[in-house]
Amino acid sequence: MNTKTLYRQTSFTNSDFPFSIRQIRTQNGQPDILFHWHTDIEIIYVNEGTAQFHIDYEYFNSQPGDIILIRPNALHSIHPIQSSSHTMDVLHFNLDLIGITHKNIATLKYLQPLYNGDFEFVRRIQAQSPGYEEIKQSLLTCMANGREQGPYYELRLKSQLNELLLVMVRNMIEDQTDFFFSPVSVR
């Protein structure tokens, strides 16, 4: 299989602000989101139901409340489980939005290794995971702002996305776990 053929360009309403949020509901086996990859981060909040996620070499069934993290360039798919319904909010954003192209210590230490695949997200954050409530609240705040798009929402959202990444990294360090980033051992 040629992975280049599985590339999917994320369509953003405004190419100068590479961000999107949408809700996807799976019902009666549709839609079946087949293998693909993109250069954006995808963060999913599962509202209800269950579906099978396949991210790189890992398979799992989602549960309500799960936060699913898909790093840039990760091969992934989402499949309905029989006739179960599944509702999820999906946040996509390009790392350009938070400054990957600007060379500074934060970019070099966190964003470029994430984009290049030198570090990977833990793929699923569940209610029992360290920092879950704080991460969930930060994510839902980003999503609400992205939907409302009130005055100055672009500046707020950019700040909130950075805060979301900070909350994830901080919880990893404080809990001494490989919660957010884990070095890639096999390539």
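Procedures and definitions
- Starting afresh in each chain, residues are numbered from 1 along the sequence in its written order.
- Residue-level local features of this predicted model are given only where pLDDT is at least 70; pairs of side-chain atoms are given and counted only at 80 or more, and the full residue set underlies all totals for whole chains, interfaces and linings.
- Side-chain numbers here rest on the full set of heavy atoms in the structure, without hydrogens or water.
- Secondary structure elements follow DSSP: runs of H or I no shorter than four residues count as helices, runs of E no shorter than two count as strands, and numbering proceeds from the N terminus.
- Throughout, exposure labels follow a simple rule: accessible area from a 1.4 Å probe, protein chains only, divided by the maximum for the residue type, with under 20% read as buried, over 50% as exposed, and the rest as partly exposed.
- Whether two strands pair depends on DSSP finding at least two bridges between them.
- Axis definition: a line fitted to C-alpha atoms, limited for helices to the stretch in contact. Angles are taken between N-to-C directions and run from 0 to 180 degrees.
- We define a salt bridge as a side-chain nitrogen of Lys or Arg found within 4 Å of a carboxyl oxygen belonging to Asp or Glu.
- Aromatic pairing here means that ring centres of Phe, Tyr or Trp (its six-membered ring) are within 6.5 Å. Orientation follows from the plane angle: under 30 degrees is stacked, over 60 is edge-to-face, and everything else is tilted.
- The contact criterion used throughout is that any non-hydrogen atoms of two residues lie within 4.5 Å.
- pLDDT: the predictor's confidence for each residue, scored from 0 to 100.

**Considerations on the overall build of the chain**
Scanning the chain for helices and strands turns up three helices and eleven strands. Put simply, the chain has 187 residues, and 48% of those count as buried.

**Here's the deal with the sheet that holds strand E5 (residues 58–61)**
With antiparallel pairing, the four strands of this open sheet are ordered in space as E2-E7-E4-E5. Looking along the sheet, the strands with just one partner apiece sit at the ends: strand E2 (33–36) and E5. Across the sheet, the axes of successive neighbouring strands diverge by a mean angle of 15 degrees, strand direction being ignored. Direction of pairing for strand E4 (residues 51–55) relative to strand E7 (residues 76–80): antiparallel, over a ladder of five bridges. By the bridge assignment for E7, His54 is matched with Ser77.

**Concerning the environment of Asp16**
For Asp16, the position within the fold is in the segment before strand E1 (19–26). For the pair formed by Asp16 and Leu97, sequence separation is 81 residues and the distance between their alpha carbons is 8.6 Å.

**Structural notes on the sheet that holds strand E3 (residues 41–49)**
Taken together, five strands build an open sheet; the order of strands is E1-E8-E3-E6-E10 and the sheet is antiparallel. On the outer flanks of this sheet lie E1 and strand E10 (124–125), each paired with one strand and no other. Where E3 meets strand E8 (residues 86–93), eight bridges bridge the pair, whose relative direction is antiparallel. The residue bridging Tyr45 from the neighbouring strand is Asp89, located in E8.

**Focus on the pairing of E8**
With eight of eight residues buried, E8 lies mostly within the body of the structure. Burial of the side chains of E8 extends over both faces: His86, Met88, Val90 and His92 are buried on one face and Thr87, Asp89, Leu91 and Phe93 on the other.

**Details of the pattern of salt bridges**
Applying the stated criterion across every chain, the model contains seven salt bridges. The closest approach of N and O atoms between Glu58 and Arg123, which form a salt bridge, is 3.3 Å. In this pair, Glu58 sits in strand E5 while Arg123 sits in the loop between strand E9 (119–121) and E10, placing the two residues 65 residues apart along the sequence. Judged by relative accessible area, Glu58 falls into the partly exposed class, the value being 30%. Measuring nitrogen to oxygen at the nearest pair gives 2.7 Å for the salt bridge that ties Asp89 to Arg147. Linking Asp89 in strand E8 with Arg147 in helix H2 (residues 132–148), this pair joins segments that are 58 residues apart in sequence. Judged by its relative accessible area of 6%, Asp89 falls in the buried class.

**What about the packing of aromatic side chains?**
Tallying each qualifying case throughout the model produces four aromatic pairs. The structure contains a cluster of three or more aromatic residues connected by ring pairs, namely Phe17, Phe19 and Tyr153.

**Quick word on the environment of Arg25**
Within the element layout of this structure, Arg25 appears in strand E1. Expressed as a C-alpha distance, the spacing of Arg25 and Gly49, which sit 24 residues apart in the sequence, is 9.6 Å. Apart from residues no more than four positions distant in its own chain, Arg25 is found in contact with Gln30, Pro31, Glu48, Ser85, His86 and Thr87.

**Observations regarding the confidence of the model for the chain**
Averaged over the chain, the pLDDT score is 86; the fraction of residues at 70 or greater is 89%. Overall, residues 176–187 carries pLDDT values under 50, and its contacts beyond four positions in sequence, including any with other chains, amount to 36 contacts.

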